[in-house]
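# Understanding the architecture of this molecule
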Amino acid sequence: MADLDQIREAKQYHADVPVQTRPFFLKGANALDWGMQNRFSRIFDPTTGRTVMLAIDHGYFMGPTTGLERIDLNIVPLLPYCDALMLTRGVLRSTIPSTFGRGVVLRASGGPSILKELSNEQIAVDIEDAIRLNVAALAVQIFIGGEYETQSVHNMTRLVDLGNRYGIPIFAVTAVGKQMTRDAQYFRLACRICAELGAQFIKTYYVADGFDTVAASCPVPLVMAGGKKLPELDALTMAYNAVDQGAAGVDMGRNIFQADAPAAMLQAVRAVVHQKMPPKQALELYETLKREQGR
Ligand code: R5P
């Protein structure tokens, strides 16, 4: 009964101070449940509202691609510099230390390898396993205009239903088929379809002409995809332009882990995304860190 003995009479209700309702910092995310917002806060930095995701999920259809031959040696040292990590459950369980405290974005679709029709994916993770792994989001590939377009959209909508049930955001990854034109008109179409059908955030490619219209017409956050390896200045410029034109960050793989100095490149990309550092200055930062880390 100690509690009853200790009751204080002079309670402070601050009745004159209105309770503040703070809007959530991400576009389109105000109506999401607390758990989903909390998971988003493990992916996006609440102070800048942006993210630098490191994508290392390529092995799920490409095998051990260049730079990902030894994830324990090549990727684990990079973990302190990313806001979130996009990968498969196999690599997560086998290789990533469970002390990793930022967002895990788990690859949830798969099936065909590079030897087959890539759009023929199915859901490849049980929602219970995603919960067991304490993931911050699930990623699913969408092939608008691809051979298995409808199947890929249905993979996404089924995951959206499961994610809504358990508070896990779904990350729709707009894949570009071999026949597709990579222009703003296509990405406006693909991103809008993903958002309309419930994806809470979307990964899409940068286009030099009209990326701002892709971002503006999408009611949820867009994260820029990296794509094939570019010279460092070009990759930093692309990241800068995407963020400047409305992206809420980047999800880059090969442009990080195939760089001469991956840790330096990831830190330079961070400076671009979170501080809006101009690309040439970010390249200087990259060169400096590369020299220092090479010692
Ligand atoms: C692609 O379709 C996957 O999402 C990737 O495996 C990966 O995320 C691509 O990253 P990047 O193009 O930056 O190497």
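Our subject is the structure that appears above.
Residues numbered from 1 in each chain as written. Predicted model: local features only at pLDDT ≥ 70, side-chain atom pairs only at ≥ 80, totals over all residues. Heavy atoms only, no water.

### Some thoughts on unusual backbone geometry
To be explicit about the condition: The numbering of helices and of strands both runs from the N terminus, where a helix is a DSSP run of H or I of at least 4 residues and a strand a run of E of at least 2. Accessible area is worked out with a 1.4 Å probe on protein chains only. A residue is then buried under 20% of its type maximum, exposed over 50%, and partly exposed in between.
Of note, the phi angle at histidine 14 is positive, near 45°, even though the residue is not glycine. Positionally, histidine 14 belongs in the loop between helix H1 (2–5) and helix H2 (34–43). Exposure remark for histidine 14: the relative accessible area of 48% places this residue in the partly exposed category.

### Section: the packing of aromatic side chains
Our working definition: Under the pairing criterion, centres of Phe, Tyr and Trp rings, with the six-membered ring standing for Trp, must be within 6.5 Å; the plane angle then separates stacked pairs below 30 degrees from edge-to-face pairs above 60, leaving the rest tilted.
Going through the model one piece at a time under the given rule, you end up with 9 aromatic pairs. Seen from their ring centres, phenylalanine 24 and phenylalanine 25 are 4.6 Å apart, and the 45° between their planes marks the pair as tilted. On the accessibility criterion, phenylalanine 25 (29% relative accessible area) is partly exposed. Here the aromatic residues Phe40, Phe44, Phe171 and Phe201 are joined through ring pairs into a cluster of three or more.

### Details of the pattern of salt bridges
Operational definition: Note on definitions: salt bridges are taken to be side-chain nitrogens of Lys or Arg within 4 Å of carboxyl oxygens of Asp or Glu.
Evaluation of the coordinates by the stated rule reveals 11 salt bridges. The shortest N-O distance in the salt bridge between arginine 93 and aspartate 129 comes to 2.7 Å. Pair noted here: arginine 93 is in helix H5 (residues 89–95) and aspartate 129 is in helix H6 (residues 127–132), with a separation of 36 residues, a long-range link. In this structure, aspartate 260 engages lysine 290 in a salt bridge whose closest nitrogen and oxygen atoms are separated by 3.5 Å. Highlighted residues: aspartate 260 in the loop between helix H11 (254–257) and helix H12 (262–275) and lysine 290 in helix H13 (residues 279–294), separated in sequence by 30 residues. The exposure class of aspartate 260 is exposed, given its relative accessible area of 63%. For lysine 290, a relative accessible area of 30% puts it in the partly exposed group.

### Here we look at the packing of helix H10 (residues 232–244) against H12
Test applied: Lines fitted to C-alpha atoms define the axes here, with helix axes fitted over just the stretch in contact, and angles between the N-to-C directions of these axes take values from 0 to 180 degrees. Oblique is the label for every angle not falling under 35 degrees (roughly parallel), over 145 degrees (roughly antiparallel), or within 65 to 115 degrees (roughly perpendicular). Crossing chirality is assigned from the near helix's rotation relative to the far helix, an anticlockwise turn below a right angle marking it left-handed and a clockwise turn marking it right-handed. The contact definition used throughout considers only heavy atoms, calling two residues in contact when any of these lie within 4.5 Å. Residues are grouped as follows: Ala, Val, Leu, Ile, Met, Phe, Trp, Tyr, Cys and Pro are nonpolar; Asp, Glu, Lys and Arg are charged; every other residue, Gly included, is polar.
Remark: H10 packs on H12, axes separated minimally by 9 Å, with the N-to-C direction vectors making an angle of 30°. Considered as vectors, H10 and H12 are oriented roughly parallel to each other. Regarding H10 and H12, the two cross each other, and that crossing is right-handed. Of the residues in H12, those touching H10 at Glu232, Ala235, Leu236, Ala239, Tyr240 and Val243 are Met265, Ala268, Val269, Val272 and Val273. Across the contact of H10 with H12, the residue classes break down as 10 nonpolar, no polar and 1 charged.

### Topic: the site of the ligand
Note the following rule: One heavy atom within 4 Å of a molecule or strand is enough for the residue carrying it to be called near that molecule or strand. Pairing of N or O atoms within 3.5 Å defines a polar contact, subject to two protein rules: one partner must be a possible hydrogen donor and the other a possible acceptor, and residues neighboring in sequence count only if both atoms are side-chain atoms. For accessible areas, the Shrake-Rupley method is used with a probe of radius 1.4 Å. Any residue's cover is judged against the shown protein chains and nothing else. Using protein atoms alone on a 1 Å grid, points that fit a 1.4 Å probe yet trap it form a cavity, whereas open point sets bounded by protein on both sides within 12 Å along at least five of seven lines form a pocket; residues with an atom within 4 Å of a point count as lining. To decide whether a molecule occupies a pocket or cavity, check its atoms: if more than half lie within 2 Å of the grid points, it is inside.
Inspection of the region around the ligand gives 14 residues, with His58, Gln141, Lys203, Gly253 and Arg254 positioned closest. Taking glycine 227, its main chain carries an N or O atom lying 2.9 Å from an oxygen atom of the ligand. Between the ligand and arginine 254 there is a distance of 2.8 Å, counted from an oxygen atom to a side-chain nitrogen or oxygen. Within the complex, the protein chains bury 94% of what would otherwise be the 380 Å² of accessible surface of the ligand. More than half of the atoms belonging to the ligand lie within 2 Å of the grid points that define the largest pocket. Tallied by class, the residues present in the shell around the ligand amount to 4 nonpolar, 5 polar and 5 charged.

### With respect to H13
Every α-helical turn comprises 3.6 residues, leaving residues that sit three or four positions apart pointing alike. Worth spelling out the cut-off: Here, expected helix span is obtained from the residue count minus one, scaled by 1.5 Å. In this description, the arc belongs to the directions extending from the helix axis to the C-beta atoms.
The end-to-end C-alpha separation of H13 is 22 Å, in line with the 22 Å expected for 16 residues at 1.5 Å each. What H13 keeps buried is the set Pro279, Ala282, Tyr286 and Leu289. When H13 is viewed along its axis, its buried side chains cluster within an angular range of 80° and face the same direction. With respect to the buried face of H13, the exposed residues turned more than 90 degrees away are Lys280, Glu284 and Arg291. Those residues of H13 hidden inside the fold are in contact with H10 and H12.

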